[in-house]
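One-letter residues, chain by chain:
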Amino acid sequence: MIETAQRMKHFKTSVFTSLKELKKQYEKEHNQKTIDFSLGSPNITPDPQIMNVLAEAVEQPENYKYAVTALPQLIESIQKWYRNRYEVDLEKEEIVLLQGSQEALVNLPLIYCNEGDGILVPDPYYPVYVDAPKLAQADIIFTPLRRENNYLVDFSRITEEQRKSAKMMLVCYPNNPTGAAAPDSFYEELIRFAKENDILIVHDNAYSELVFDGKKGKSFLSFPGAKEVGVELNSFSKTYGMAGARLGVLVGNKKVIEAYRILKSNMDYGIFLPVQYAGIEALEHGGSAIQSTRQEYERRRDATVKAFHAAGWPIQPSEATMFIWALIPEQYKDCEQFAQELLKRTGIVVTPGTSFGPEGKRYVRIALVQDEQDILEAAKRLQTSGLFGQG
């Protein structure tokens, strides 16, 4: 058998695949369903009209041709949405469609990094943030996100050597997995940092519509100078419940977008046209669905924090996203031991924090993908588990 390339030695089976096997084992042994808070796959469906537009477009034979060029109506809808939502004006040359934002997270390091170039990556991180640099043979430079600093990047801790090495910086606010949101002052400092050190900023803005407690998510591009130093990713997955449809956008610096178009033109033939029509419907008429989706995630957050606290597990509410970054009880040596014990005793599945980097050792991520009924059932199981010295 032919051996795989050396770069493949960096990759292991996804943590979610491993958790799936443990779930099966629990259900077989206990004859009881697990309650899964691990994978951040939304269970809130798109607005019915978005699905209707998609279904109607699927029945049109002409929509099965290659979609090399994005529908002009969709590009115009993106321009209008960014203008109305963020007060950001985008030229058509500053927009490129994606098959989900993860596509660009993988490809941008391939476009800009040579072997040995540095990429500044938050820790904890969304897994592809480290997988993509490995594919590009770039060096990963971790920037720790810590509770005492509100999970913001501490620029003062980035050394001169790291600044010289870094060619790109990945930033995600609202943040997955910590649920933190960033203040205006952070973005202003980020742009100064990028200009002073000639670093390309890639801002992952997938959760800007899931900000709680009456606050509003922002765009990196709405801050002066942002287009000079970076690009932003935005997604239809969490905002409109279209995760499986795979539709996202890369917007911002015109030269970066141009380079991305060149690579993309050699790699794929565009986004399935019915998905593009659904995207237009979402942007033009899906505003009310955004509000109801946000409210539902906020209700789930509040219900989880309240019920789990009553069961003996005090956790801090997240500011945003569909996740809670929960500190584990002190008596457990690390998050993996706790997550396994939690599943073994209760059938509750969470993701160990180390799946998102070394800074996650004392945390697990709880995805708000279960209805309130299941949240309360999980709390009931916690109450009787003995995990927190009661039960």
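Note that this is a predicted model, so its numbers are computed, not measured.

### Thoughts on empty space enclosed by the protein
- Per the counting criterion, the structure on display carries one cavity of 30 Å³ or more.
- For the largest cavity, the calculated volume is near 90 Å³.
- As for the largest cavity, its lining consists of I78, W81, Y82, N234, S235, F236, T239, Y240, V249 and L283.
- Counting residues per element, the ones that place at least two in the lining of the largest cavity are α3 (72-86), β7 (230-235) and α9 (237-240).
- Examining the composition of the lining of the largest cavity, we find that three residues originate from one element, α3, more than from any other.

### A word on the pattern of salt bridges
- In total, this model carries 22 salt bridges according to the counting rule given.
- Between D268 and K264 there is a salt bridge, and its shortest N-O distance comes to 2.9 Å. Comparing D268 with K264 shows no difference in burial state: the two are buried.
- Across the salt bridge formed by D302 and R301, the nearest N and O atoms sit 2.9 Å from each other.
- On the accessibility criterion, R301 (4% relative accessible area) is buried.
- Via salt bridges that share partners, D213, E298, R301 and D302 belong to a single interconnected network.

### Description of the sheet that holds strand β2 (residues 95-98)
- Sheet architecture is open: seven strands sit in the order β2-β8-β7-β6-β5-β3-β4, paired in mixed fashion. On the outer flanks of this sheet lie β2 and β4 (139-144), each paired with one strand and no other. Neighbour to neighbour, the strand axes of the sheet diverge by 25° on average, direction disregarded.
- Relative to β4, strand β3 (residues 118-123) is paired through six bridges, and the arrangement is parallel. Of the residues in β4, the one forming a bridge with V121 is F142.
- Contacts between α3 and the sheet are confined to β2, β7 and β8 (248-252), with β2 contributing the most and set at about 110° to the helix.

### Some words on the packing of helix α2 (residues 48-58) against helix α11 (residues 273-285)
- Across the interface, α2 lies against α11 with an axial gap of 8 Å and an inter-helix angle of 150°. With respect to α11, the axis of α2 lies roughly antiparallel. Like other packed secondary-structure pairs, α2 and α11 cross with a definite hand, here right-handed. For the pair α2 and α11, the contacting residues are Q49, I50, V53, L54, A57 and V58 in the first and P274, V275, Y277, A278, E281 and A282 in the second.
- Taken together, the residues of the contact of α2 with α11 break down into 10 nonpolar, one polar and one charged.

### Examining the layout of surface pockets
- Taken as a whole, the largest pocket spans an internal volume of roughly 1,200 Å³.
- Lining the largest pocket are 48 residues, with S14, V15, F16, P127 and V128 sitting closest to its centre.
- Of all the secondary structure elements, the ones that give two or more residues to the lining of the largest pocket are α1 (15-30), α4 (102-112), α5 (128-135), β4, α9 and α13 (335-346).
- Reported here for the second largest pocket is a volume of approximately 360 Å³.
- In this structure, the second largest pocket is lined by 18 residues; those nearest its centre are V68, T69, A70, V96 and R261.

### A word on the pairing of strand β6 (residues 200-204)
- With respect to burial, β6 is a largely interior element, five of its five residues being buried.
- The side-chain alternation of β6 yields two buried faces, one formed by L200, V202 and D204 and the other by I201 and H203.
- Each parallel crossover has a hand, and for strand β5 (residues 166-172) linked through helix α7 (residues 184-197) to β6 it is right-handed.
- Pairing of β6 with β7, which is carried by four bridges, proceeds in the parallel orientation. Bridging across to β7, I201 finds its partner in G230.

### Topic: the side chain of T346
- Along the chain, T346 turns up in helix α13.
- Judged by its relative accessible area of 1%, T346 falls in the buried class.
- With near-sequence residues (within four places) excluded, T346 lies in contact with Y26, Q32, R381, S385 and L387.

Calculation rules
- Residues numbered from 1 in each chain as written.
- Predicted model: local features only at pLDDT ≥ 70, side-chain atom pairs only at ≥ 80, totals over all residues.
- Heavy atoms only, no water.
- 1 Å grid on protein atoms, 1.4 Å probe; cavity = no way out; pocket = protein on both sides within 12 Å on 5 of 7 lines; lining within 4 Å.
- Points joined across faces, edges and corners; volume = space filled by probe spheres on them.
- Helix = DSSP H or I, 4+ residues; strand = E, 2+ residues; numbered from the N terminus.
- Salt bridge = Lys/Arg side-chain N within 4 Å of Asp/Glu carboxyl O.
- Buried < 20%, exposed > 50% of the residue type's maximum accessible area, 1.4 Å probe, protein only.
- Pairing = 2+ DSSP bridges.
- Axes fitted to C-alpha atoms, helices over the stretch in contact; angles between N-to-C directions.
- Contact = heavy atoms within 4.5 Å.
- Parallel < 35°, antiparallel > 145°, perpendicular 65-115°, else oblique.
- Left-handed = near helix turned anticlockwise from the far one by under 90°.
- Nonpolar A, V, L, I, M, F, W, Y, C, P; charged D, E, K, R; others polar.
- Right-handed = clockwise from strand over helix to strand, strands pointing away.

These results come straight from atomic positions and should not be treated as a statement about function.
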